Amino acid sequence: MTNGLVGKKLGMTQIYDEARLTPVTVIEAGPCRVVTVKTKERDGYEAVQLSFGEVKERKLSKAALGHLKKHEAPASRVLREFKKDGDVAVGQSVTVGIFKNGDWVDVIGVSKGKGFQGVVRRHHYSGGPESHGSMFHRAPGSIGSSSFPSRVWKGKTLPGHMGAERVTAQRLKVVESRPDENLLFVRGAIPGAANGLVVIRKSKKG
């Protein structure tokens, strides 16, 4: 089998048990079809390629469509590779059943885009006095040296584009797994907006 799945973030809700209320993110995970199995002899490494989200053929490039047809797989929006874990065959369906209640997972997604932002929001600068007459409120302030090195140091935190980048939320607990509904309930928040694509895999931190 594999150590992960591709899914779609549906949103957040709450789950009650005997003692507490737990905020959870609901993920529609799979079912994913095994498109191809990479081997050391042929590809130099071992992996399992999964497809998710069927689409019309006209929405794919000829190269992507040819690859899927070669392995008799339906036109799919997403292809992702995962670590091979045990026996797996081309055409096999991988469901959310690979995760059990209490498992720890890492969830990878693309964070919400926030456009161009200043240093206060982007890098948590404290800013200057808010009183009248200070003339220094949310600006970054001095950023360089004078005669040496006469430039701005690399890595300086400045205003710029914020969000819309790959983010991994590590070691989140699976509160509930529903294979019959293809739903996974993960404790806490995960990156991205509702209906965003996410990758769920067994946590590297155990």
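Every value quoted in this text rests on a predicted model; they were computed, and no experiment measured them.

Asker: How should the overall build of the chain be read in this particular structure?
Answerer: Along the chain, the regular secondary structure elements total three helices and twelve strands. The C-alpha atoms of the chain give a radius of gyration of 23 Å, which is well past the 17 Å a tight globule of 206 residues would have. For the C-alpha atoms alone, the extent of the chain along its principal axes is close to 70 × 50 × 35 Å. Counting across all 206 residues of the chain, residues that qualify as buried make up 34%.

Asker: I'm lost on the pairing of strand β3 (residues 32–38) in this one. Help?
Answerer: Remember that side chains alternate between the two faces of the sheet whenever the strand is regular. The buried count for β3 comes to six of seven residues, which makes it a mostly enclosed element. As judged from the two bridges shared by β3 and strand β6 (residues 93–94), these two strands associate in the antiparallel manner. In the strand pairing of β6, Cys 32 is matched with Val 94. In the sheet, β3 pairs with strand β4 (residues 47–54) via five bridges, with the strands oriented antiparallel. Opposite Val 34, over in β4, you have Leu 50 as the bridge partner.

Asker: I keep staring at the side chain of Lys 9 and nothing clicks. Help me out?
Answerer: By the secondary structure assignment, Lys 9 is in strand β1 (residues 4–16). Here Lys 9 occupies a buried position and makes no salt bridge, while the nearest side chain of opposite charge, Glu 28, is found at 14 Å. Ignoring sequence-local partners within four residues, the contact set of Lys 9 consists of Thr 25, Val 26, Ile 190, Pro 191, Gly 192, Ala 193, Ala 194, Asn 195, Gly 196 and Val 198.

Asker: Is there a simple way to think about the packing of aromatic side chains in this case?
Answerer: To describe a pair of aromatic rings, you give the distance between the ring centres and the angle between the ring planes. Within the structure shown, the criterion is met by zero aromatic pairs. Positioned above the aromatic ring of Trp 153 is the side chain of Arg 151, whose terminal nitrogen or guanidinium carbon lies 4.8 Å from the ring centre. One residue, Arg 171, lies across the ring of Trp 104, its end atom 4.0 Å from the ring centre.

Asker: Please explain the pattern of salt bridges as it appears in this structure.
Answerer: Oppositely charged side chains may form a pair once their charged atoms are brought near each other. Tallying each qualifying case throughout the model produces seven salt bridges. Within the structure, one salt-bridge network assembled from shared partners comprises Glu 176, Arg 178 and Glu 181.

Asker: Quick question: what am I supposed to make of the sheet that holds β3 here?
Answerer: Within a beta sheet, neighbouring strands are joined by backbone hydrogen bonds and run either parallel or antiparallel to one another. Read across the sheet, four strands follow the order β5-β4-β3-β6 without closing on themselves; strand pairing throughout is antiparallel. With one partner strand each, in any of the chains shown, β5 (76–82) and β6 form the two edges of the open sheet.

Asker: Help me understand the environment of Lys 202, please; the structure alone is not making it clear to me.
Answerer: Residue position: Lys 202 is located in strand β12 (residues 197–202). The spatial distance from the C-alpha of Lys 202 to the C-alpha of Gln 170 is 9.7 Å, given a sequence separation of 32 residues. Other than its neighbours up to four places away in sequence, Lys 202 contacts Asn 3, Asp 85, Ile 98, Phe 99, Trp 104, Val 105 and Asp 106.

Asker: Where do I start with the sheet that holds strand β7 (residues 104–110) in this structure?
Answerer: As summarised here, the arrangement of the six strands in space is β1-β2-β11-β10-β7-β12, forming a closed barrel in which the pairing is antiparallel. This sheet shows a mean twist of 50° between the axes of neighbouring strands, independent of strand direction. Note: β1 against strand β2 (residues 21–29), nine bridges, orientation antiparallel. Counted as the bridge partner of Ile 15 is Thr 22 from β2.

Asker: Would you take a moment to explain unusual backbone geometry for this structure?
Answerer: Trans peptide bonds make up most of the peptide bonds, and negative phi angles are found at most residues other than glycine. Residue Pro 31 is bonded to the preceding Gly 30 through a cis peptide linkage, with omega at -5°. With respect to the helices and strands, the residue Pro 31 is situated in the loop between β2 and β3. Following Phe 148, the chain continues into Pro 149 via a peptide bond in cis, with omega recorded as 5°. Inspection of the secondary structure puts Pro 149 in the loop between α3 (119–123) and β9 (160–162). Despite not being glycine, His 124 shows a phi value in the positive range, around 65°. Along the polypeptide, His 124 turns up in the loop between α3 and β9. Here His 124 falls in the exposed class, since its relative accessible area comes to 68%.

Asker: Before we go on, may I ask you to explain the nonpolar core in this structure?
Answerer: Soluble globular proteins tend to bury their nonpolar side chains together. Leu 5, Ile 27, Leu 50, Phe 99, Val 105, Leu 184 and Ile 200 are the most contacted members of the largest nonpolar core, which totals 29 residues. In this structure, Val 35, Leu 68, Ala 73 and Ala 75 belong to the second largest nonpolar core, which totals six residues.

Calculation notes
- Residues numbered from 1 in each chain as written.
- Predicted model: local features only at pLDDT ≥ 70, side-chain atom pairs only at ≥ 80, totals over all residues.
- Heavy atoms only, no water.
- Helix = DSSP H or I, 4+ residues; strand = E, 2+ residues; numbered from the N terminus.
- Rg over C-alpha atoms; globule rule 2.2 N^0.38 Å.
- Buried < 20%, exposed > 50% of the residue type's maximum accessible area, 1.4 Å probe, protein only.
- Pairing = 2+ DSSP bridges.
- Lys, Arg positive; Asp, Glu negative; His and termini not counted.
- Salt bridge = Lys/Arg side-chain N within 4 Å of Asp/Glu carboxyl O.
- Contact = heavy atoms within 4.5 Å.
- Phe/Tyr/Trp six-rings, centres within 6.5 Å; stacked < 30°, edge-to-face > 60°.
- Lys NZ or Arg CZ within 6 Å of the ring centre and 35° of its normal.
- Axes fitted to C-alpha atoms, helices over the stretch in contact; angles between N-to-C directions.
- Core = buried A, V, L, I, M, F, W, Y, C linked by side-chain atoms within 4.5 Å.

So, to be careful, I would describe these as geometric facts and stop short of saying anything about function.
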